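Single-letter residue listing:
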Amino acid sequence: MTILRSIAMAFLMFSKIPMPHVAWKDESMRYTLAFFPLVGVVIGALLLVWAWLGQLLDIGSGLFAAGLVLIPLAVTGGIHIDGLVDTSDALGSHADPERKREILKDSRVGAFGVIALAAYLLLYYGLGTQLPMTFTAVGLMACAHVLSRTTSGTISMLAGGSSGKGLLATFRHASSKSGALGVLIAFFILCGAGLIWLDPLCGALVLVSDALTAWYTLGMARRQFGGMSGDLAGWFLQVAEVVMLAVIVFTQLARLL
């Protein structure tokens, strides 16, 4: 029952998918971060269905790309986009770490956040228009959505927090660290196997790009904010996904040369 409650809590916190009510207790949150990648599984499955419908209806690349952008947003409700916007506002302030942490908590959206969001969506959409509507290409992107959440959950648990408060600190405190990490490692192995099976070269590059983005995020979080937070975990997830999409697209384009 603990596992089922943790799965339900993961979907309640990180998606808009309806779930049964779960009490806000440490027991229910024990494996929440561990099952966070399951939200990516749902997104990946919907992307594959969207690609299948796209081929069936012979839709254009623009409409297909719009689906690539909107499906993750519809499933998550934009919770990670919020982290991207807040972190961009804080980084754009060039303030000291304490002030940056205050900006992360501010519910208002600043100019840097708006600019970052517009640039991000434009880049994601543009890359999406270049993604082949094939099982291999879309399958790689489906795996990327699982991988980004696997890595986000892992670094959130392992990295030091910027403060002892906030949603991430709550989940970290309630987590069964060894058990949760074991589940996340299993997700990582499955993601890696899926990526390599679909396309050995591109899959390996996706794994490397995810690792490099995580390494950069951890360094940035330590220098700029004094540690990880929920907003920074969301920033990582969004950046990692657009980086992995770029890797998939440019690898496919390079093969056409």
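Residues numbered from 1 in each chain as written. Predicted model: local features only at pLDDT ≥ 70, side-chain atom pairs only at ≥ 80, totals over all residues. Heavy atoms only, no water.

### Quick word on the overall build of the chain
Using the following cut-off: Put simply, DSSP marks the helices as runs of H or I at least four residues long and the strands as runs of E at least two long, and each gets a number from the N terminus on. For this analysis, residues touch if any pair of their heavy atoms sits within 4.5 Å. Here the open area of atoms and residues is found with the Shrake-Rupley method and a 1.4 Å probe, where only the protein chains shown may cover a residue.
For the chain, the count of helices and strands is 11 helices and 0 strands. Along its sequence from the N terminus, the chain presents helices and strands in the succession α-α-α-α-α-α-α-α-α-α-α. Long-range pairs, those at least 24 residues apart, make up 75% of the contacts in the chain with a sequence separation of at least 6. Here the chain displays about 11900 Å² of accessible surface, and carbon together with sulfur accounts for 69% of that area.

### A word on the packing of helix H2 (residues 37-57) against helix H3 (residues 61-76)
Note the following rule: Each axis is a line fitted through C-alpha atoms, taken for helices only over the stretch in contact, and angles between the N-to-C directions span 0 to 180 degrees. Oblique is the label for any angle not covered by the other classes, which are roughly parallel (under 35 degrees), roughly antiparallel (over 145) and roughly perpendicular (65 to 115). Crossing handedness is defined as follows: a turn of the near helix away from the far one that is anticlockwise and smaller than a right angle gives a left-handed crossing, while the clockwise case is right-handed.
Where H2 contacts H3, the two axes come as close as 10 Å, and the packing angle between them is 155 degrees. Regarding the angle of H2 to H3, the classification is roughly antiparallel. The two elements H2 and H3 cross, and the hand of that crossing is right-handed. Facing H2, whose interface residues are Val39, Ile43, Leu46, Leu47, Trp50 and Ala51, H3 presents Leu63, Phe64, Gly67, Leu68, Ile71, Pro72, Val75 and Thr76.

### Notes on the environment of Ile17
Just so we agree on the cut-off: Using a 1.4 Å probe on the protein chains alone, a residue whose accessible area is under 20% of its type maximum counts as buried, one over 50% counts as exposed, and one in between counts as partly exposed.
Considering the arrangement of structural elements, one finds Ile17 in the loop between helix H1 (2-14) and H2. Exposure remark for Ile17: the relative accessible area of 25% places this residue in the partly exposed category. Taking the C-alpha atoms as reference points, Ile17 and Thr76, 59 residues apart in sequence, are found 8.0 Å from one another. Contacts of Ile17, omitting those with residues within four sequence positions, involve Phe11, Val42 and Val75.

### Some points on the confidence of the model for the chain
Applied cut-off: As a per-residue measure, pLDDT reflects the predictor's confidence and takes values from 0 up to 100.
Of all residues in the chain, 89% attain a pLDDT of 70 or more, and the chain-wide mean is 88. Helix H8 (residues 167-174) is the least confidently modelled element of the chain, averaging 60 in pLDDT, while H2 averages 97, the highest of any element.

### With respect to the packing of helix H5 (residues 97-105) against helix H10 (residues 200-225)
Short version of the rule: Residues were grouped as follows: Ala, Val, Leu, Ile, Met, Phe, Trp, Tyr, Cys and Pro as nonpolar; Asp, Glu, Lys and Arg as charged; and all remaining residues, including Gly, as polar.
Relative orientation of the contacting elements H5 and H10 amounts to 110 degrees, with a least axis distance of 7 Å. Here H5 lies roughly perpendicular to H10, going by the angle between them. Within the contact between the two elements, H5 uses Pro97, Lys100, Arg101 and Leu104 and H10 uses Arg223, Gln224 and Phe225. Residue composition of the contact of H5 with H10, grouped by class: 3 nonpolar, 1 polar and 3 charged.

### A word on H2
Defined as follows: To estimate how far a helix should reach, multiply one less than its number of residues by 1.5 Å.
Under the 1.5 Å per step criterion, the end-to-end length of H2 is 30 Å for 21 residues, consistent within 8% with the ideal 30 Å. Where H2 terminates, the next one or two residues include Asp58, which has phi positive at roughly 55 degrees.

### Describing a nonpolar patch on the surface
This is how it is decided: Here the term patch refers to residues with relative accessible area over 30% and no salt bridge, with like charges joined within 9 Å and nonpolar side chains (Val, Leu, Ile, Met, Phe, Trp, Tyr) within 5 Å. We define a salt bridge as a side-chain nitrogen of Lys or Arg found within 4 Å of a carboxyl oxygen belonging to Asp or Glu.
On the surface, a cluster of nonpolar side chains totalling about 460 Å² of accessible area is made up of Val49, Trp52, Leu56 and Leu57. Within the element layout of this structure, Leu56 appears in helix H2. The exposed category is assigned to Leu56, whose relative accessible area is 57%.

### A short note on the pattern of salt bridges
Within the structure shown, the criterion is met by 3 salt bridges. For Glu102, the salt bridge is made with Arg99, and the minimal N-O distance between the two is 3.2 Å. Residue Glu102 and its partner Arg99 are both found in helix H5; the two are separated by 3 residues, about one turn of the helix. Of the residues examined, Glu102 reaches a relative accessible area of 41% and is grouped as partly exposed. Accessibility expressed as a relative area gives 40% for Arg99, which makes it partly exposed.

### Description of the side chain of Gln238
Examined against the element boundaries, Gln238 turns out to sit in helix H11 (residues 230-254). For Gln238, a relative accessible area of 8% translates into the label buried. In contact with Gln238, not counting residues within four places along its chain, are His80, Ile81, Leu84 and Tyr120.

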